[in-house]
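Listed here are the chains, written in short residue letters.
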Amino acid sequence: MTKTVTTVSEEGFSSTNEIREFETSIDPNGEDAPDTLEALLAAYGSCYVPALRVGGQQRGADDLGKIEIETSGELNDDDKLESVAFEIHVEAEVDDDTADDVVERAFELCKVHDALKDSLHAETTVTTDAF
């Protein structure tokens with residue numbers, strides 16, 4: 001199976017991405033659309049949500065309820081991504097050991113995490129019973 005995205009830039013730095021029947025815009029300057037690193041962080045967080053749900057089901061936390069992840073990326077002096085952090089809030093009340101097990105399993109399941117280099121590992125905090 002192959003995933004294909006067509007990225008088009010008519011002029012300047014902004015681009016439109018055609019993903020199947022969907023279209024997204026990315027503006028590296030962040031003026032007219034999310035910038036490239038924001039788009040990467042959004043994809044990482046969006047991939048990690050279902051990984052958390054499946055990880056929860058596999059590690060004894062069957063229904064996490066509402067999940068909110070604040071994904072932040074620290075930039076180095078060259079404005080390149082140096083580190084990623086997830087601040088995770090889940091509706092369900094889960095003990096710390098189970099939460100740690102779910103988080104680790106989610107990293108194993110997350111396809112975006114797998115695609116990133118090993119040195120770019122999201123530091124993670126989890127707040128349970130958040131909503």
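Our subject is the structure listed above.
Residues numbered from 1 in each chain as written. Predicted model: local features only at pLDDT ≥ 70, side-chain atom pairs only at ≥ 80, totals over all residues. Heavy atoms only, no water.

**Remarks on the sheet that holds strand β1 (residues 6-8)**
- Here 3 strands make up an open sheet; going across it, the order is β1-β2-β3 and the pairing antiparallel. Every other strand in the sheet has two partners, leaving β1 and β3 (22-26) as the edge strands with one partner each. Taken over all neighbouring pairs, the strand axes of this sheet differ in orientation by 25° on average, direction set aside.
- Two elements, β1 and strand β2 (residues 15-19), share 3 bridges in a ladder whose sense is antiparallel. Paired with V8 across the two strands is T16, which belongs to β2. (Pairing = 2+ DSSP bridges. Helix = DSSP H or I, 4+ residues; strand = E, 2+ residues; numbered from the N terminus. Axes fitted to C-alpha atoms, helices over the stretch in contact; angles between N-to-C directions.)

**Some remarks on the sheet that holds strand β5 (residues 81-90)**
- Spatially, the 3 strands line up as an open sheet ordered β4-β5-β6, and their pairing is mixed. Strands at the two margins of the open sheet, each flanked by one partner only, are β4 (67-75) and β6 (122-127). When strand polarity is set aside, the average angle formed by the axes of neighbouring strands in this sheet is 15°.
- Packed on one face of the sheet, helix α2 (residues 96-109) meets β5 and β6 and runs near 140° to β6. (Contact = heavy atoms within 4.5 Å.)

**A look at the packing of helix α1 (residues 36-58) against α2**
- Close contact between α1 and α2 brings their axes to 7 Å; oriented N to C, the two are set at 125°. Between α1 and α2, the angle is such that the two are oblique. Here the hand of the crossing between α1 and α2 comes out right-handed. Listed contacts from α2 to Y44, Y48, A51, L52, V54, G55, G56 and Q58 of α1 are V102, V103, R105, A106, F107 and L109.
- Split by residue class, the contact of α1 with α2 holds 10 nonpolar, 3 polar and 1 charged. (Parallel < 35°, antiparallel > 145°, perpendicular 65-115°, else oblique. Left-handed = near helix turned anticlockwise from the far one by under 90°. Nonpolar A, V, L, I, M, F, W, Y, C, P; charged D, E, K, R; others polar.)

**Re α2**
- Spanning 14 residues, α2 covers 20 Å between terminal C-alpha atoms, matching the ideal 20 Å at 1.5 Å per step.
- Taken as a whole, α2 has its buried residues at T98, A99, V102, V103, R105, A106 and F107.
- As for α2, its buried residues are in contact with α1, β5, α3 (111-115) and β6.
- Capping the start of α2 is the job of one residue whose side-chain oxygen sits 3.1 Å from the backbone nitrogen of D97: D95. (Expected span 1.5 Å × (residues − 1). Buried < 20%, exposed > 50% of the residue type's maximum accessible area, 1.4 Å probe, protein only. Polar contact = N/O pair within 3.5 Å; in protein donor to acceptor, adjacent residues only side chain to side chain.)

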